[in-house]
Amino acid sequence: MANENAVQGTRLIATEEAFATPEYLEAFSNIAPSIPSAGVRYAAQFVTDQEMGKRFSDPNVRLADMGASGVDMHLLSLVSPGVQIFDADLGTSLAAKTNDRLAELVRLHPDRFAGLAAVAPQNPTGAAREVERAIRTLGLNGIIINSHTHGEFLDDPKFTPLLEAAQYHKAPIYLHPSFPPDSMIKPFEDYGLHGAIWGFAAEAGLHAVRMVLGGVFDRFPDLQVVLGHMGEGLPYFLFRLDNVYGFLGRQHAPGRARLDRKPSEYIRSNMHITTSGMFWEDLLEFGLKTLGAERILFAIDYPFESSKIARDFITNASIPPEEKMMIMSQNAERLFSIRA
Ligand code: MN
């Protein structure tokens, strides 16, 4: 039986921590202004910010911040929108270069950093090859997908090679939010809703529900998807997804195959959620009730959120010590094959 002393000795692994290489930031700054997309214009505000840039790309700044806030390890992932706004060739080559640098950083600081590989879904077979290289050769811990790719979502059959590779290599996919695609962004713009305040969850939640309703987990039953921000709203919708799918089902989606299971069952068996940017104990308790402690992971959302607030939140949460230890590090170690 774990006690509070055991919790105090448990390391804290944060699992949604934004990173970038100087080459990525340069490519973004050079090319983003020529991409006619409201979302890219929005993302440029933080991706090209000088102060943010240091936190994304300078490991010494990051290590100092981690030390100051008592966070033991960052699972790093390329800042949204990552390589997914570029054309297929540039996206593919930037992903590979980014992953090389990320793996080098992890080799230098194996106790402080682990990493999720960037891939470019624009080239699905290239992305599948990069999954294999990232896991087998570079020893990285999973895949980051910064949600939609030019307005397309992973339930599209064109992305099958990528999902196949992720399942085969047991690489969890962290489905990180992006700004809503151009087909969706207009009504968000009036009040600045495209970003973290609402649009990110609307977009990433949509992506996750599309994967469930699109039968992705009937095709890839072992695939694991990780959602930030306490599940981008999905835990709150479990009843309604099942209820409405149950009585409307195919009327919603004429011509689509019936799912083998209820929508909520895929969410409970193929998804994990993290605490990034949602440092609210009521929500943590709801996550524990709906998905269980084994599916919740600690995350901050560095450098956008306060590491100290995130750490105090999990440290002070009134939950059983066993569950706290799972959330702090044990689940991350198991899911992402991080050496204990
Ligand atoms: Mn994030």
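Shown above is the structure to which this text applies.
Quick caveat: nothing in here was measured; it's all calculated off a predicted structure. (Residues numbered from 1 in each chain as written. Predicted model: local features only at pLDDT ≥ 70, side-chain atom pairs only at ≥ 80, totals over all residues. Heavy atoms only, no water.)

Along its length, the chain carries 16 helices and 9 strands. For 340 residues, the compact-globule estimate of 2.2 N^0.38 gives 20 Å, and the C-alpha radius of gyration of the chain, at 19 Å, lies within 12% of that figure. Its C-alpha atoms give the chain principal-axis dimensions of roughly 55 × 50 × 45 Å. Taken across its 340 residues, the chain has 56% of its residues classed as buried. Restricting to contacts in the chain with at least 6 residues of sequence separation, those with at least 24 account for 79%. When the accessible surface of the chain is summed, it comes to about 14,800 Å², and 54% of that surface belongs to carbon and sulfur atoms. (Helix = DSSP H or I, 4+ residues; strand = E, 2+ residues; numbered from the N terminus. Rg over C-alpha atoms; globule rule 2.2 N^0.38 Å. Buried < 20%, exposed > 50% of the residue type's maximum accessible area, 1.4 Å probe, protein only. Contact = heavy atoms within 4.5 Å. Areas by Shrake-Rupley, 256 points an atom, 1.4 Å probe, with all protein chains shown as cover.)

With the rule as written, the count across this model stands at 9 aromatic pairs. Arranged with centres 5.4 Å apart and planes meeting at 85°, the rings of F46 and F304 form a pair that is edge-to-face. Of this pair, F46 sits in helix α3 (residues 38–47) while F304 is found in the loop between β9 (296–297) and α15 (307–316), placing the two residues 258 residues apart along the sequence. Each ring, one from F56 and one from F304, has its centre 5.9 Å from the other, and the planes form 55°; the classification is tilted. (Phe/Tyr/Trp six-rings, centres within 6.5 Å; stacked < 30°, edge-to-face > 60°.)

Our focus in this paragraph is the pattern of salt bridges. Scanning all chains against the criterion turns up 10 salt bridges. Three or more residues joined by partner-sharing salt bridges are found here, namely D100, E130 and R133. (Salt bridge = Lys/Arg side-chain N within 4 Å of Asp/Glu carboxyl O.)

Alternating positions in strand β8 (residues 271–274) separate into two faces, M271 and I273 on one and H272 and T274 on the other, with burial throughout. Two strands pair when backbone bridges link them, and strand β7 (residues 225–227) and β8 are joined in this way by 3 bridges, in the parallel orientation. By the bridge assignment, V226 is partnered in β8 with H272. Bridging between β8 and β9 involves 2 bridges; their strand directions are parallel. Considered in β9, the bridge of T274 is made with L297. Read as a crossover between parallel neighbours, the route from β8 over helix α14 (residues 281–290) to β9 is right-handed. (Pairing = 2+ DSSP bridges. Right-handed = clockwise from strand over helix to strand, strands pointing away.)

All right, on to the environment of L76 then. Within the element layout of this structure, L76 appears in strand β2 (residues 73–78). The exposure class assigned to L76 is buried, which follows from its relative accessible area of 0%. Apart from residues lying up to four places away in sequence, L76 is in contact with E17, F19, R62, L102, L105, F113, A114, G115 and L116.

Attention now moves to the side chain of S329. Its place among the elements puts S329 in helix α16 (residues 321–335). Side-chain polar atoms of S329 contact the backbone oxygen of R11, separated by 3.1 Å. If we ignore the near neighbours within four places in the chain, the residues touching S329 are T10, R11 and I13. (Polar contact = N/O pair within 3.5 Å; in protein donor to acceptor, adjacent residues only side chain to side chain.)

With that out of the way, let us pick up the packing of helix α12 (residues 238–248) against helix α13 (residues 263–270). The contact between α12 and α13 brings their axes to 7 Å, and the two run at 140°. On the basis of the axis angle, α12 is oblique to α13. Contacts from L238, L241, D242 and Y245 in α12 reach P263, S264, I267 and R268 in α13. Partitioned by chemical class, the residues of the contact of α12 with α13 number 5 nonpolar, 1 polar and 2 charged. (Axes fitted to C-alpha atoms, helices over the stretch in contact; angles between N-to-C directions. Parallel < 35°, antiparallel > 145°, perpendicular 65-115°, else oblique. Nonpolar A, V, L, I, M, F, W, Y, C, P; charged D, E, K, R; others polar.)

Residues L284, G287, L288 and T290 constitute the buried set of α14. As for α14, its buried residues are in contact with α12, α13, β8, β9, α15 and α16. Trailing α14 by a residue or two, G292 shows a phi angle of about 95°, which is positive.

Before going further, it helps to examine the coordination of the manganese ion. Only E16 (OE), H176 (NE2) and D301 (OD) from the protein reach the manganese ion as donors, at distances of 2.0 to 2.2 Å. Read in sequence order, the donor residues coordinating the manganese ion give the pattern E-x159-H-x124-D. Of this pair, E16 sits in strand β1 (residues 13–19) while H176 sits in the loop between β6 (173–175) and α9 (182–189), and the two are 160 residues apart along the sequence. Overall, E16 belongs to the buried group, its relative accessible area being 2%. (Donors = N, O, S within 2.8 Å, 3.2 Å for Na, K, Ca; no water.)

Inspection of the secondary structure puts A127 in helix α7 (residues 124–137). Taking the C-alpha atoms as reference points, A127 and E164, separated by 37 residues in sequence, lie 11 Å from one another. Discounting residues that sit within four places of it in the chain, A127 has contacts with V119, A120, P121 and L162.

Relative to the assigned elements, P303 resides in the loop between β9 and α15. Counting along the chain gives 286 residues from P303 to E17, while the straight-line C-alpha distance between them is 7.2 Å. Not counting the four nearest positions on each side in its chain, P303 is found in contact with A18, M52, R55 and F56.

Pairing within the open sheet is parallel, and its 3 strands lie in the order β1-β2-β3. Bordering the open sheet on either side are β1 and β3 (113–115), each of which pairs with just one other strand. Put simply, the sheet's adjacent strands are angled 35° from each other on average, direction ignored. Here 3 bridges tie β2 to β3, and the two strands are oriented parallel to one another. Among the inter-strand pairings, L76 is bridged to a residue of β3, identified as G115.

These results come straight from atomic positions and should not be treated as a statement about function.
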